[in-house]
Amino acid sequence: MNSSIFSGTIPALMTPCKADRTPDFDKLVEKARELVGLGMSAVVYCGSMGDWPLLTTEERMEGVERLVQAGIKVVVGTGAVNTATAAAIAAHAQKVGAHGLMVIPRLLSRGTVVAAQKAHFKAILTAAPNLPAVIYNSPYYGYSTKADLFFQIRAEHPNLVGFKEFGGFDDLSYAGEAITSGNPDIKLMIGVDTAVFHGYVNCGADGAITGIGNVLPREVLHLTALCQAAMTGDAEARRLAYELDTAMQVLSKVDAGPDLVLFFKHMLVIKGDAAYKLHFNESDALSPSQAGFVEAQLALFDAWYADWSKQPEALKYAA
């Protein structure tokens, strides 16, 4: 099973919507092409960033199919309350030629029961045996997969090739130490924007699935290049990576909150992309204080990066 899809920087796409609040798949494909053209290795659709709970199964499948038809490498999120729906999404992803799966735990019903989660994971992996997959750990999904269960499932399903960790520094450290570091074929994906430096340098991650990368793709690719150089022992790259990671922290932090899609869409609108102005629920909106805060912080970061990136040593690692 080829696990190479889970490497590099992969933006988790948001779903733009039309005036009637249905998905705008033309704009979805346009954004994916833009990001891949800048150097992203693939895209994820439809994870939390894609608003999967607000879309129908048919809409999610259409989005996946449109991206594949456009020649984009796609990792498909399997989030669903019903295991049968999750398995159907996985089977469809394999059928239409997607490139990987991001396997989300079972939600709500028996979500804390290990046996139920094992059966859920196995059903998804069985439905798409030819697609490499990572299990997605997130505190928002209410279940944390540990090493014993991961290796039990992997022994029966070789398409389980890695782990995406959203839980933060301690959880990334656990994943690196207990699950992914013993075998180069098992991939560790950083799943939260606040832990990029930690995930690469301290945990040996193979790649990152990013939210802020939708808004700041060049800057995130710059950070990735610096972190990867730092992993080789490059002291200059390590210092610069830490500086850039730290400067991006306030904007990255929204990735770990419940309003992440609202924040990231608003930042894209500020950057000039009007396709992300609307949300599927008309009542979903940032408060005036939230909007003002992120606008000020984005302007501050942009000014800082414009100055910082002029340094000759920083330019060496720019994407």
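Below, the structure is looked at part by part.

Calculation criteria
- Residues numbered from 1 in each chain as written.
- Predicted model: local features only at pLDDT ≥ 70, side-chain atom pairs only at ≥ 80, totals over all residues.
- Heavy atoms only, no water.
- Axes fitted to C-alpha atoms, helices over the stretch in contact; angles between N-to-C directions.
- Helix = DSSP H or I, 4+ residues; strand = E, 2+ residues; numbered from the N terminus.
- Parallel < 35°, antiparallel > 145°, perpendicular 65-115°, else oblique.
- Left-handed = near helix turned anticlockwise from the far one by under 90°.
- Contact = heavy atoms within 4.5 Å.
- Nonpolar A, V, L, I, M, F, W, Y, C, P; charged D, E, K, R; others polar.
- Core = buried A, V, L, I, M, F, W, Y, C linked by side-chain atoms within 4.5 Å.
- Buried < 20%, exposed > 50% of the residue type's maximum accessible area, 1.4 Å probe, protein only.
- Pairing = 2+ DSSP bridges.
- Right-handed = clockwise from strand over helix to strand, strands pointing away.
- Salt bridge = Lys/Arg side-chain N within 4 Å of Asp/Glu carboxyl O.
- Phe/Tyr/Trp six-rings, centres within 6.5 Å; stacked < 30°, edge-to-face > 60°.
- Lys NZ or Arg CZ within 6 Å of the ring centre and 35° of its normal.
- Polar contact = N/O pair within 3.5 Å; in protein donor to acceptor, adjacent residues only side chain to side chain.

1. So, the packing of helix H11 (residues 260-270) against helix H12 (residues 288-308)
Thinking step 1. For the pair H11 and H12, the least separation of the axes is 10 Å and the interaxial angle reads 55 degrees. Considered as vectors, H11 and H12 are oriented oblique to each other. Seen from above, H11 lies across H12 with right-handed handedness. Every residue of H12 that contacts H11 at Phe-263, His-266, Met-267 and Ile-270 is listed here: Gln-290, Ala-291, Val-294, Glu-295 and Leu-298.
Thinking step 2. Counted by class, the contact of H11 with H12 contains 6 nonpolar, 2 polar and 1 charged residues.

2. Some words on the nonpolar core
Thinking step 1. Judged by nonpolar contacts, the single largest core of 114 residues is most densely connected at Tyr-45, Leu-67, Leu-101, Ile-212, Phe-264 and Met-267.
Thinking step 2. When neighbours within four sequence positions are excluded, Phe-264 is seen to be in contact with Met-14, Met-49, Asp-193, Gly-211, Ile-212, Val-215, Leu-251, Val-254 and Asp-255.

3. A word on the pairing of strand S7 (residues 187-190)
Thinking step 1. Of the two faces of S7, the one carrying Lys-187 and Met-189 and the one carrying Leu-188 and Ile-190 are both buried.
Thinking step 2. Sheet analysis places strand S6 (residues 160-165) next to S7, joined by 4 bridges and oriented parallel. Of the residues in S7, the one forming a bridge with Gly-162 is Lys-187.
Thinking step 3. Crossover S6 to S7 through helix H6 (residues 169-180) is right-handed.
Thinking step 4. As paired elements, S7 and strand S8 (residues 207-210) share 2 bridges and run parallel to each other. Across the sheet, residue Ile-190 finds its bridge partner in S8, namely Ala-208.

4. Considering the pattern of salt bridges
Thinking step 1. Applying the stated rule across the entire model yields 10 salt bridges.
Thinking step 2. For Glu-156, the salt bridge identified is with Lys-122, shortest N-O distance 2.3 Å. Of this pair, Glu-156 sits in helix H5 (residues 147-156) while Lys-122 is found in helix H4 (residues 114-127), placing the two residues 34 residues apart along the sequence.
Thinking step 3. Taking the relative accessible area as the measure of exposure, Lys-122 reaches 23% and is therefore partly exposed.
Thinking step 4. Measuring nitrogen to oxygen at the nearest pair gives 3.1 Å for the salt bridge that ties Arg-239 to Glu-243.

5. Some thoughts on the sheet that holds strand S2 (residues 43-44)
Thinking step 1. Read from one edge to the other, the open sheet built from 8 strands follows the order S1-S8-S7-S6-S5-S4-S3-S2, with strand pairing classed as parallel. Two strands close off the open sheet at either side, each with one partner strand: strand S1 (8-11) and S2.
Thinking step 2. Docked against the sheet, H5 engages strand S5 (133-137) and S6, running at close to 150 degrees with respect to S6.

6. Side note on the packing of aromatic side chains
Thinking step 1. One pass over the structure, following the stated rule, counts 10 aromatic pairs.
Thinking step 2. Relative to Trp-308, the ring of Tyr-305 lies with its centre 6.0 Å away and its plane at 35 degrees, an arrangement referred to as tilted. Residue Tyr-305 and its partner Trp-308 are located together in helix H12, separated by 3 residues, close to a single helical turn. The same class applies to Tyr-305 and to Trp-308, which are both buried.
Thinking step 3. Ring pairs connect the aromatic residues Tyr-136, Tyr-140, Tyr-141 and Phe-166, which therefore count as one cluster.
Thinking step 4. The residue whose ring lies beneath Lys-146 is Tyr-174, and the NZ or CZ to ring-centre distance is 4.6 Å.

7. Thoughts on the side chain of Gln-117
Thinking step 1. Counting through the fold element by element, Gln-117 comes out in helix H4.
Thinking step 2. For Gln-117, a relative accessible area of 0% puts it in the buried group.
Thinking step 3. Polar side-chain contacts of Gln-117 include one of 2.8 Å to the backbone nitrogen of Arg-106.

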